[in-house]
Amino acid sequence: MAALENDIMELIEMHNDKPKPIKWTKSADEILNSVKRFCLRVDETLLNELKSQYTNVFLYFHPCRIKHPTIDHPAGIPHC
C-alpha cells in the first residue's frame, strides 16, 4: 500500500511541476446531460440486478419447490 501511495504522490508532484489548465470542451448542459445519462444507466443496471436477485429468491422459495401437503399455493401462483 505504501508503494501505491508513493507512486501517486510522485505522479502528483510531476504534474504540479508543469501544470496545465483544464480546457472544457463541452458546455455545462452537455456535461450535466452526460452525467444524467450515466446515472440512468447505473440506475437501470442496479434495478435489473435487483430484479434478477428477487427472481432467484422467488424461484428458490416457490411453493412448488416446497413439498409439504399443508402449504397452500398463494393466489395467482399456479400449481406445478
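The notes below deal with the structure included here. It should be emphasised that the depicted structure is a prediction, and the values quoted were computed from it without experimental measurement.

What follows concerns the overall build of the protein. Of regular secondary structure, the protein possesses two helices and zero strands. Looking at the protein as a whole, 5% of its 80 residues are labelled buried. Here the protein displays about 7900 Å² of accessible surface, and carbon together with sulfur accounts for 62% of that area.

Moving on: a negative patch on the surface. A cluster of acidic residues, Asp-7, Glu-10, Glu-13 and Asp-17, forms a negative patch at the surface. Relative to the helices and strands, Glu-13 is located in helix 1 (residues 2-17). For Glu-13, a relative accessible area of 49% gives the class partly exposed.

Right, let's get into a nonpolar patch on the surface. Residues Met-1, Leu-4, Ile-8, Met-9 and Ile-12 make up a contiguous nonpolar surface patch of about 530 Å² in total accessible area. Along the chain, Leu-4 falls in helix 1.

Cut-offs and rules
Residues numbered from 1 in each chain as written. Predicted model: local features only at pLDDT ≥ 70, side-chain atom pairs only at ≥ 80, totals over all residues. Heavy atoms only, no water. Helix = DSSP H or I, 4+ residues; strand = E, 2+ residues; numbered from the N terminus. Buried < 20%, exposed > 50% of the residue type's maximum accessible area, 1.4 Å probe, protein only. Areas by Shrake-Rupley, 256 points an atom, 1.4 Å probe, with all protein chains shown as cover. Patch = residues over 30% accessible without salt bridge, like charges linked within 9 Å, V, L, I, M, F, W, Y side chains within 5 Å. Salt bridge = Lys/Arg side-chain N within 4 Å of Asp/Glu carboxyl O. Lys, Arg positive; Asp, Glu negative; His and termini not counted. Charge placed at Lys NZ, Arg CZ, Asp CG, Glu CD.

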